[in-house]
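Coordinate analysis (summary)
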Amino acid sequence: MADSIMSKAATMEIPINSNGDTGTLPEDDSLEQAAKLQWSLDEKDLQQVMVSGPNLNETSIVSGGYGGTTEGIIPTSSIKELRMKARRVSVPPSHSAASRIASQSDDYPGSSMQHSSSNSSMADDASRGVAVEKLDFVKKWGLNTYKCTKQMISERFGRGSRTVDLELEAQIDVLRDTKRKYENVLRLARALTNHFYSMVQTQHALGDTFADLSQKSPELRDEFGYNAETQKLLCKNGETLLGAVNFFVSSINTLVNKTMEDTLMTIKMYESARLEFDAYRADLEELSLGPRDAVTMARIDYAQQQYQVHKDKYERLRSDVTIKLKFLEENKVKVMHKQLLLFHNAISAYFAGNQQQLEQTLKQFNIKLKPPGSEQPSWLEEP
């Protein structure tokens, strides 16, 4: 029995080649054989223990039970050695798996680290560039604001000089005064329109009341009828006059709040450019009075460049203001000539009771009246 077990254990050795490596069995077959070997040895040991039973007096396992011959005794040391041999069986490493792991460790970590580092460096460069750009902008804005504020204070207290174009300044003052007066005309014309509209609505309601009373009062039918006709005629003429006055107000509003305002916006840009030009001019003059070392000469050159840039901007805006003032004056004369003639003819025809001349005035200026009730929303639009 012992010889058979030992012979079987001897045949279950792992082949070793000449280089000391394990045999060239495939990794799956070697793993399966090692598992089978471990399982068979454990199963045989268990069977031997169950058949022979434990011997408390000897450290051996008897195959024939208690009192058997010594030929059937298997030393426990031999079983332990077989078990240790089986447990020492190692699974041969897979060369393909090792190569794959090595290739992954060579490719993925390095490439991923390189990719992440490149992305982080690009993000850092972008954020650093934005920060530098913002810092430069704030620096230039702060320096420009400081120079302009200094120049403004110097001019206000009479310590600094300013560039003055007397003719252009006079035209700008005239424009601002004209705008104030035209705004007053616009305010009064709107007030007239509102009051006259209320009067027309009152005449319309009064005419309806007279017409209703003429139907319900037989003894005063003719008198109420005459007054109803008169109020309806006045209401019709008043609506015609309202059309002319509304056209007048719309034209004045366009002239004041769009045309003149656009010119004044250009004038504000011109005044700001003038202040910057004087600020950089004063800075250049101050540097020119100082010492002429290398650092100062570099600062003078830079101040000369900035002075030239702001001088060009100032001259360009001055030319724009001059052109806009010229065209504004021509446009103002043309518009006001037409609107004043319209206002005069319409008012005269209305209060003279000349309905035909009033309608002719509207046709002359291509004014189309809106039908009654067109400004009111329909019943579908009402909440």
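Attention here is on the structure that accompanies the text. Positions within a chain are numbered from 1, following the residues in the order the chain's sequence is written. In keeping with the predicted nature of the model, local features appear solely for residues at pLDDT of at least 70, side-chain atom pairs appear and are counted solely at 80 or more, and the whole-chain, interface and lining totals rest on all residues. Each side-chain value is worked out from all heavy atoms of the structure, with water and hydrogens disregarded.

**Here's the deal with the overall build of the chain**
To qualify as a helix, a DSSP run of H or I must reach at least 4 residues; to qualify as a strand, a run of E must reach at least 2; elements of each kind are numbered from the N terminus. Within the chain, the secondary structure is distributed over eight helices and two strands. What you see in the chain, going N to C, is helices and strands ordered as α-α-β-β-α-α-α-α-α-α. When burial is assessed residue by residue, the chain has 28% of its 383 residues classed as buried. For the chain, the accessible area works out to roughly 26,900 Å², and carbon and sulfur atoms hold 57% of it. Per-residue accessibility, obtained with a 1.4 Å probe over protein chains only, is compared with the maximum for each type, and a residue is labelled buried under 20%, exposed over 50%, and partly exposed between these values. Under the convention used here, a 1.4 Å probe and the Shrake-Rupley method define accessible areas, while residue burial counts only the protein chains that appear.

**Section: helix 8 (residues 355-364)**
Taken as a whole, helix 8 has its buried residues at Leu-358, Thr-361 and Leu-362. Down the axis of helix 8, the smallest arc covering the buried residues is 95°, so these residues share one side. Looking at helix 8, the residues exposed on the side facing more than 90 degrees away from the buried face are Gln-356, Lys-363 and Gln-364. Contacts from the buried residues of helix 8 go to helix 6 (221-288) and helix 7 (294-352). With its phi angle positive at about 55°, Asn-366 sits one or two positions after the end of helix 8. Each direction from the helix axis to a C-beta atom contributes to the arc, which is the arc of those directions. It only takes one pair of heavy atoms within 4.5 Å for two residues to be counted as in contact.

**Focus on the packing of aromatic side chains**
To describe a pair of aromatic rings, one takes the distance between the centres and the angle between the planes. A pair of Phe, Tyr and Trp rings is counted when the ring centres sit within 6.5 Å of each other, with Trp represented by its six-membered ring. The angle between the planes then sorts it: under 30 degrees is stacked, over 60 is edge-to-face, the rest tilted. The tally for this structure, following the rule as stated, stands at seven aromatic pairs. Here Tyr-270 and Tyr-314 contribute two aromatic rings whose centre-to-centre distance is 5.6 Å and whose plane-to-plane angle is 20°, an arrangement assigned as stacked. Placement of the pair is Tyr-270 in helix 6 and Tyr-314 in helix 7, with a sequence separation of 44 residues. No difference in accessibility class separates Tyr-270 from Tyr-314, as the two residues are buried. Grouped by ring-pair contacts, the aromatic residues Tyr-270, Phe-277, Tyr-307 and Tyr-314 constitute a single cluster.

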